[in-house]
Amino acid sequence: GGPGATGATGATGATGAPGAAGAAGAAATAFTQTNLQYLGGVNDYTVDNTDALIEMGANDLEVTLPTAGTYIVHVQVECGNDSAGTRQWLFHLKNGTTTNNVPDSDAYLTIQDIGAVFHTTFTFSTLVTTTTDNNIIQVFVQSDSAAAAQTIFFLTSKIIYVKLA
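Residues numbered from 1 in each chain as written. Predicted model: local features only at pLDDT ≥ 70, side-chain atom pairs only at ≥ 80, totals over all residues. Heavy atoms only, no water.

Moving on: the packing of aromatic side chains. One pass over the structure, following the stated rule, counts five aromatic pairs. Seen from their ring centres, Tyr71 and Tyr161 are 5.5 Å apart, and the 85° between their planes marks the pair as edge-to-face. With Tyr71 in strand E7 (residues 69-81) and Tyr161 in strand E13 (residues 150-163), the pair connects residues that are 90 residues apart, well separated along the chain. For the pair shown, Tyr71 and Tyr161 are each scored as buried. Three or more aromatic residues link up through ring pairs in this structure, and these residues are Trp89, Phe91, Phe122 and Phe124. Of note, Lys94 hangs over the ring of Phe140, and the distance from its end group to the ring centre comes to 4.9 Å. (Phe/Tyr/Trp six-rings, centres within 6.5 Å; stacked < 30°, edge-to-face > 60°. Helix = DSSP H or I, 4+ residues; strand = E, 2+ residues; numbered from the N terminus. Buried < 20%, exposed > 50% of the residue type's maximum accessible area, 1.4 Å probe, protein only. Lys NZ or Arg CZ within 6 Å of the ring centre and 35° of its normal.)

Rendered as structure tokens:
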């Protein structure tokens, strides 16, 4: 004759001893967030039709990125216009260490003149990648007019960075 029917499954046996430990993995890299807020200097800045660094006396509107990497740089400027006309301002970032403009950092502001000094707060953010340590990132501005009474106020202007990677 042939084989008989399969019998019932028996009880589960005891768990065996743990196996040998595997090889150690690569060391992890800890993430440390780096950030800074830097306020403007001691003097308001007059905007004209020249592309120029926003200079505010003893301190310019700039930050030093301490290590190579990718950062988000956020700029806030308090702007005023009493120049007898609506003005177009172009802001951008420049790497003062390499003297190159920061790619994709152009930000445009239309600022009105309403018959009295018109104030507005303008903000823009840009990703900045550096390949070396201690790069100085600076804020530049240019108006479409050389007319007087176009101002960036130091008291509420600042630049902030946060290191992403």
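Turning our eyes to something else, we now look at the pairing of strand E8 (residues 87-95). Where E8 and strand E10 (residues 107-111) come together, five bridges link them in antiparallel fashion. Following the sheet pairing, Leu90 is matched in E10 by Tyr108. Note: E8 against strand E12 (residues 135-143), seven bridges, orientation antiparallel. Bridging across to E12, Phe91 finds its partner in Val141. Across two bridges, E8 lies against strand E9 (residues 100-101) in antiparallel orientation. Counted as the bridge partner of Asn95 is Asn100 from E9. (Pairing = 2+ DSSP bridges.)

The volume enclosed by the largest pocket comes to roughly 160 Å³. Considering the residues around the largest pocket, the lining is formed by 13 residues, among which Asn95, Val102, Pro103, Val128 and Thr129 are closest to the centre. Mapped onto the lining of the largest pocket, the elements with two or more residues apiece are E9 and strand E11 (118-130). Per-class residue counts for the lining of the largest pocket are four nonpolar, nine polar and no charged. (1 Å grid on protein atoms, 1.4 Å probe; cavity = no way out; pocket = protein on both sides within 12 Å on 5 of 7 lines; lining within 4 Å. Points joined across faces, edges and corners; volume = space filled by probe spheres on them. Nonpolar A, V, L, I, M, F, W, Y, C, P; charged D, E, K, R; others polar.)

Turning to the nonpolar core, a few remarks are in order. Counting 29 residues, the largest nonpolar core has Ile54, Val75, Trp89, Phe91, Leu93, Val139 and Ile152 as the members making the most contacts within it. Put simply, the parts of the chain that give this core at least two residues each are strand E6 (62-65), E7, E8, E10, E11, E12 and E13. Broken down by element, this core gets its largest block of residues, five residues, from E7. Sequence-distant contacts of Val139, that is, excluding residues within four places in its chain, are made with Ala52, Leu53, Ile54, Leu61, Val75, Phe91, His92, Leu93, Phe124 and Ile159. (Core = buried A, V, L, I, M, F, W, Y, C linked by side-chain atoms within 4.5 Å. Contact = heavy atoms within 4.5 Å.)

Function-wise, these values are silent; they only describe arrangement.
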